[in-house]
Structures are given as C-alpha cells and as structure tokens.
Amino acid sequence: MGEKLLEVKNLSTYFYTDEGVVYALDDVSFDLDRGEALGIVGESGSGKSVTALSIIRLVQSPPGKIVAGEVLLDGDNLLTKSKAEMRHIRGEKISMIFQEPMTALNPVFTVGHQIMESILIHQHKTKKEAREQAIEMLRLVGIPAPEKRVDDYPHQMSGGMRQRVMIAIALCCNPQLLICDEPTTALDVTIQAQILELIRDIRERLGTSVILITHDLGVVAQVTDKVIIMYAGKVMEYGTVRQIFTDPLHPYTAALMRSIPVIGKQTERLNVIRGMVPSLSKRPDGCLFHPRCDEACELCRTVRPDLINLPDGRQVRCHKYTDKWEEKSHD
Amino acid sequence: MIKYTIKRLLQTLIVLFGVSLITFIMLNIAPGDPVGVMLAKRADQETIDRVRHEMGLDKPYVEQYIEFIKGAVVGDFGDSYFQHRPVSEILADAFSITASLGLWVLLFSIVFGILFGISAAVLRGTWGDKLIIFFSTLGMAMPSFWIAIILQIIFGLHLKILPISGLYSMSSYILPTVSLGLIYAASIARLCRTNMLDALNQDYVRTARSKGVSEFKIVMQHGLKNAAIPIITYIGILIKSILGGSVLVETVFAIPGLGKTMVDSITQRDIRLIQGCTIYIAVVFVIANLIIDLVYGLLDPRIRVGQEA
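**So, the overall build of chain B**
Then comes step 1: Within chain B, the secondary structure is distributed over 13 helices and zero strands.
Then comes step 2: Starting at the N terminus, the α and β elements of chain B follow one another as α-α-α-α-α-α-α-α-α-α-α-α-α.
Then comes step 3: Referenced to the eigenvectors of the C-alpha coordinate spread, the extents of chain B come out at roughly 85 × 60 × 30 Å.
Then comes step 4: Among the 309 residues that make up chain B, the fraction classed as buried is 43%.
Then comes step 5: Contacts in chain B between residues far apart in sequence, at least 24 positions, make up 72% of those at least 6 positions apart.
Then comes step 6: For chain B, the accessible surface area stands at approximately 16400 Å², while carbon and sulfur atoms represent 70% of it.
Then comes step 7: In chain B, the 26 positive side-chain charges and the 22 negative ones have mean positions that sit 13 Å from each other.

And the structure:
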C-alpha cells in the first residue's frame, strides 16, 4: 500500500430543486492511494457522477451545492480553494473523462487544438512544442498516423477514437488522478475492451491513480483494485474487487452480482433487483435499500444503518453485521 | 471549395436571369405608362406616340427585353426617363449613401447585440439578464421610423445637439444609425443569448472546464464559436435588408438612399430605374447568401462544403 493521494471525508452534495432538497451525495468518505484504481459502482441516480463532479468542483450551481466534507488531494483541501486555484488543479493534477465522447469534444475545434489548449494552460510551452506534444499524446493513446489526425475535427473520428482523444486531453499534463465517468458506456463492446485496456495500460505506465465510475461490475473487475458500491447517495460497501466478487456482504451488492448473466448457464429470465432506486428527495426511513431488500426486518425499516468497519479492511452499511442484528435473530 | 463557389456563381446567373424576366413581364402587365406619368394628361396622342417611339416603348416586348439584357450584362440599364442620367449612375450614388449609413448600422447592431447577448447569457437568471431581455423586447417592438421621429424630437428639437436630417457630417449619422440599428441590435442580442445558453450547456463546455480553461475563454471561444452560425445567418439577412435601403427612415431623415430611389422610381413608372433597382437587389441577395454559406464552412467544419459531397 502506497501513500494516500486522495481523501474524501464526509462529502455531502445536495441539489436544491423546486421539488425539495435532493440528497445526491450524503456523507461519503473514501481514500485513494497513489497509483491505485478505485471503482465506484451503482445504478443510475446513485450519486456516482456527482461524486466525481464534487471532487473537481464542477457540480452545477445552482441548484447543486457541496454542503459538507473535505476533499484532500495530497493533504490539501480542494473545497477551500479559490476558483483560480481550482482551474490550475483541473487538467493539471486531476483530469476527467466523460461518458459521451460524441458530445464531450467541441465540434468546431480540431482535436489537436483541444489537446494543445490544456497543455498551453498548464505548461510553459510554445505552440509548436504543444503541437508536438499533442501528437505524442495521440500516439500514446493508440491513434494511428497522429501527425495527420491531429488536424482532424471530432466529427471525422469514431466514438472510440474520440474517447481516446479525451484520454489524451486528460493525460497531457500528467495528472496524479484520472477520473473516468462511465468511459465505455456509449461504446461498442469491442471498443469498450480496447479503451479499458488503454486505461489499465496508462495506469501501469504512468502511475496515475484512477477512479472509474460505472454501473457495470464487469468493467470494474477488469481495471480496478478496490470497489465502492453506492446506493442512493451513500456508500453501501467497500472492499477489494476480489472480496466484493467472491463474498459480497451487503444484500444490495449480492443482488447486483446475481443480476450479472453467466455465460453457459441456462436461465429463464435475468435476475433483476425488484423495485427502483428511491427518489433522492423523498428518501425512505431506515436503510435506504430496505424497500427492495429481501432480508429487511423491522430494524431496517426504522433505523438508518452506519457504515461499519470490518477487521479485514472492508466496510459495509447493513444492520446484518451489527450486534443488534444478532440480538434480534436470537429472539 | 473553389468548385463549389463556381457552381454557386453559375446558379446566381440563372437566378438573375429569372429575376430580370419576371420584372420585365410584371412591369409590362402592370397598369400605368411612364409616358403618361411624364407628360401628365395634357399631351395629345400624337405627342405621346412620339415620346414612346423615342423611348423605344413601341418596339415588340421581346426586342425590348433583349435590348435590356444586352445592356444589363455590362451594367448598363439605360437612362432614367425622369432624371435623364444613366440608371447605373443613380444607383451608384444611392448605393454609396445607403452603404455608408448601413455600415454604421451594421457595426452598431453587431457590437451592441453581441455584447448584450453574451452578457445576458452569462448573467442568466439575474436582474441584469432580465433587464437586457426587457430592453431588447422593447427595441424589437418599436418601429424604426417611430424611433427616428422620437429621437429627432428629443435630440434635434429640444436638446439641439444633433442634426435631424441629411447626411453631411459625422454627427448626422448618429440618429439614423440608432433608429435603424436598435431593432437589429435587439434581435441579435436575443438570438445571441439563446444560442450562447445552448452552447454553454453542452458537454464540451464541461470538458473545457475540466481542463482548467478560464470562464472568459469558455464563453468567448468555446461558446461563441458554436453559437455563431445562427447569428451569422441573421447578420446576413440584416446586410441584405440594410443594403436594400429603408424607405421610411430615409424619408424621415431626408436621406437620398436606395429605399427612397426605389419607391420614387415605382411611383413615377420609371421602368429602367425599377429594372436597375430590382437587379441590384437580386445581386445583393444572391452574393450575400453565397458569402454566408462560405462563412458557415469556416465556422463549422461539419458543414464545410465541397469536401466529400
């Protein structure tokens, strides 16, 4: 285990909408070591993307607001930085790639221009040097004939190529942390595998820490060391990929595992988790997952469970692993 | 690009031929005879016939049309019946007046329109935004000749600081420019605001922010270049209507521009001048459209013409 790069402590981001306060992110804490890759998994609306946007402080405000917590990068709290200081951190220390490569690039600038833009902001380089570096970056992310492609516009490239360009932009200033928000969701399966391979390769070569946000457990298994399972703005379970896959503790994680189809196994229907993610402005009492949980009891319906630290370094937010549960089951 | 431009220029010729033909036919169908207007009702039939013969109006229509086309190709539309000067000369004079005023109007409306449009988009939802929306709605609702009269009363009659008619000094340009430009500036401001808001909500703006691009550059480069197409389209339409001259405002300020020339030519049945004006307007429209289409390509690579298609 290396030294800590990122510490997120008790981070809460709320959206103040006409329908009431949406608790998009509620008291979320996690650490990330240098060179480590962390997966954040959850259904739509579980707060995965808001976590990423809160870290680089790009939550749209209004209506969004980071109401509490700390985000420490190398011990430095990002939430107290000025806007100008944050601009120097974005792109230089923390970079982000987004879900939609088709729309994430500006259609009226060449891809080279868009890579150079970041280089020229964060490094003291001439345009010529920046252009050469842009070509190098395109080569690094595996774009053939980068000398020619550098002058292409985004619409001349395929989705997979554009996502490679996004990665090139994100990596051009050699950031310490790369946040990937659903980087492969919009891509074909074969292209997905290539992009994941690229992210994994870059992490190994450059030692960049990675946060990979996805709803796809398979993606996490391929790239990351540790996993956070999020549900309704809260961390439900935390552990290594191996632990989560071989021995899911939280009923929600277990249900997610069951919903992955297994090749070669005949099933009538796919396993799905019944019900829907609760509305984040009208949250149920007790455990946020209890309306969909098969094991829920009275305790789950009334008391909101805490995140429990287990001896093997794992964390889980479920009454099953507390003394109270044992008492109840002895009754 | 060059191939496309040539193709478009050829299309232009066809359009101009069509315009000239339709104008010619309409002028000959429409009631009213230039000779009748010229000589009033006093002249006897003999005089009228003589004048008609001198003007070539007794020749067959086809012959008249061919003569007209022959001249028009080299820019010669004959002499005006009433002003006894070449039509091309009259048009050139009127054009230089309309164009010099038009340039100021264009500058005024683009500068203020884009300035306020961007400000409103950046200030979205605040009182500043609402103020700009209010005034741009007001600007669009007021007819320009009415603004012209009000401005004349305030600045000419009461304050006595600006001339109220003619175009002789720099200061005499101010009132016509404002009265003509206000409505255009207001329209550009609204158009600019809408399109900027749209552009600033796109994913690529979030990407730019995540790179650490400053807000100023996000607005002026990433936003404006994407919002520019509809604005350019509107400015193109604007140039066309400005170069056509404004009858009402030119009349209010007694400016001998194209609008006034054109209306006068129609009331006098000055067929040659009408033909000259129509062809002029058609040329302005066609060329302006061509330029707009070519500028699109420069702004947005996705519609760059003649590349693949």
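Next, the rest of the story.
**Here's the deal with the sheet that holds strand β12 (residues 315–316) of chain A**
Then comes step 1: On the basis of which strands lie adjacent, the open sheet formed by eight strands has the order β6-β7-β8-β3-β9-β10-β12-β11 (chain A) and mixed pairing. Strands with a single pairing partner mark the edges of an open sheet, and in this sheet they are β6 (94–97) and β11 (308–309) of chain A.

**Observations regarding the sheet that holds strand β2 (residues 20–33) of chain A**
All names here are of chain A.
Then comes step 1: Read across the open sheet, the four strands follow the order β2-β1-β4-β5; overall the sheet is antiparallel. Sheet topology places β2 and β5 (76–77) at the edges, where each strand pairs with a single neighbour.
Then comes step 2: Pairing between strand β1 (residues 4–17) and β2: nine bridges, direction antiparallel. Note on β2: the bridge partner recorded for E7 is D31.

**Some points on the state of the cysteines**
Residues and elements named next belong to chain A.
Then comes step 1: Following the criterion strictly, the structure yields zero disulfides over all chains and no others.
Then comes step 2: Just so you know, C172 is unpaired, no disulfide at all, and the nearest cysteine sulfur is the one on C173, 4.0 Å from it.
Then comes step 3: Looking at C172, the relative accessible area reads 3%, which means it is buried.
Then comes step 4: Note on C287: no disulfide assigned, nearest cysteine sulfur contributed by C300 at a separation of 6.1 Å.
Then comes step 5: The buried category is assigned to C287, whose relative accessible area is 9%.

**Observations regarding unusual backbone geometry**
Then comes step 1: A positive phi angle is found at A:D27, which is not glycine, with a value near 55 degrees.
Then comes step 2: Secondary-structure assignment places A:D27 in strand β2.

**Looking at the interface of chain B and chain A**
Then comes step 1: In this complex, chain B contributes 21 residues to the contact, which on the side of chain A involves 27 residues.
Then comes step 2: Buried surface at the junction of chain B and chain A, summed over both partners, amounts to about 2200 Å²; 57% is from carbon and sulfur atoms.
Then comes step 3: On the chain B side of the contact with chain A, B:R206, B:S210 and B:K211 bury the most area, a combined 28% of that side's loss.
Then comes step 4: Seen at the junction of chain B and chain A, the total is one salt bridge.
Then comes step 5: At the boundary of chain B with chain A, the tally comes to 11 residue pairs in polar contact (both at pLDDT 80 or more).
Then comes step 6: Sort the elements by how many residues they give to the side of chain B that touches chain A and helix α9 (residues 203–211) of chain B lands first, with seven residues.
Then comes step 7: For the side of chain B that touches chain A, the per-class residue count stands at four nonpolar, eight polar and nine charged.

**Quick word on helix α4 (residues 61–73) of chain B**
Residues and elements named next belong to chain B.
Then comes step 1: Taking 1.5 Å per residue as the helical rise, α4 with its 13 residues ought to reach 18 Å, and the 18 Å between its terminal C-alpha atoms agrees with that figure.
Then comes step 2: Considered for burial, the residues of α4 that qualify are Q64, Y65, F68, G71 and A72. Taken around the axis of α4, the buried residues stretch over an arc of 130 degrees, which confines them to a single face. Summarising the geometry of α4, the exposed residues directed more than 90 degrees from the buried face are V62, K70 and V73.
Then comes step 3: If you follow the buried residues of α4, they end up packed against α1 (2–29) and α13 (271–299).
Then comes step 4: Positive phi appears at G75, one or two residues downstream of α4, with a value of about 80 degrees.

**Here's the deal with the environment of A:P305**
Residues and elements named next belong to chain A.
Then comes step 1: Of note, P305 is situated in the loop between α12 (298–302) and β11.
Then comes step 2: Considered as a pair, P305 and M236 are 69 residues apart in the sequence and their alpha carbons are 9.8 Å apart.
Then comes step 3: Discounting residues that sit within four places of it in the chain, P305 has contacts with G286, C287, R317, C318 and H319.

**Topic: the pairing of strand β10 (residues 234–240) of chain A**
Residues and elements named next belong to chain A.
Then comes step 1: A large share of β10 lies buried, amounting to six of its seven residues.
Then comes step 2: Bridge count for strand β9 (residues 226–231) against β10 is six bridges, and the pairing is antiparallel. Counterpart to K226 in the pairing with β10 is T240.
Then comes step 3: The antiparallel hairpin formed by β9 and β10 contains two residues in its connecting segment, where A232 sits at a positive phi of about 50 degrees.
Then comes step 4: Two elements, β10 and β12, share two bridges in a ladder whose sense is antiparallel. Within β12, the position partnered with Y238 by the bridge is Q315.

**Quick look at the layout of surface pockets**
Then comes step 1: Taken as a whole, the largest pocket encloses approximately 1300 Å³ of empty space.
Then comes step 2: Along the walls of the largest pocket sit 30 residues, with A:V59, A:Q60, A:S61, B:R209 and B:E215 positioned nearest its centre.
Then comes step 3: No other element matches α9(B), which puts four residues into the lining of the largest pocket.
Then comes step 4: Its residues assigned to classes, the lining of the largest pocket shows 14 nonpolar, six polar and 10 charged.
Then comes step 5: If you add up the space inside the second largest pocket, you get close to 420 Å³.
Then comes step 6: As for the second largest pocket, its lining consists of 21 residues, of which A:H215, A:L256, A:S259, A:I260 and A:P261 are closest to the centre.
Then comes step 7: Looking at the lining of the second largest pocket, the elements with two or more residues in it are α8 (189–206) and α9 (217–223) of chain A.

What counts and what doesn't
Residues numbered from 1 in each chain as written. Chains lettered and ligands numbered in written order. Predicted model: local features only at pLDDT ≥ 70, side-chain atom pairs only at ≥ 80, totals over all residues. Heavy atoms only, no water. Helix = DSSP H or I, 4+ residues; strand = E, 2+ residues; numbered from the N terminus. Buried < 20%, exposed > 50% of the residue type's maximum accessible area, 1.4 Å probe, protein only. Contact = heavy atoms within 4.5 Å. Areas by Shrake-Rupley, 256 points an atom, 1.4 Å probe, with all protein chains shown as cover. Lys, Arg positive; Asp, Glu negative; His and termini not counted. Charge placed at Lys NZ, Arg CZ, Asp CG, Glu CD. Pairing = 2+ DSSP bridges. Disulfide = S-S within 2.5 Å. Buried area = accessible area lost by both parts, 1.4 Å probe. Salt bridge = Lys/Arg side-chain N within 4 Å of Asp/Glu carboxyl O. Polar contact = N/O pair within 3.5 Å; in protein donor to acceptor, adjacent residues only side chain to side chain. Nonpolar A, V, L, I, M, F, W, Y, C, P; charged D, E, K, R; others polar. Expected span 1.5 Å × (residues − 1). Arc of directions from axis to C-beta. 1 Å grid on protein atoms, 1.4 Å probe; cavity = no way out; pocket = protein on both sides within 12 Å on 5 of 7 lines; lining within 4 Å. Points joined across faces, edges and corners; volume = space filled by probe spheres on them.

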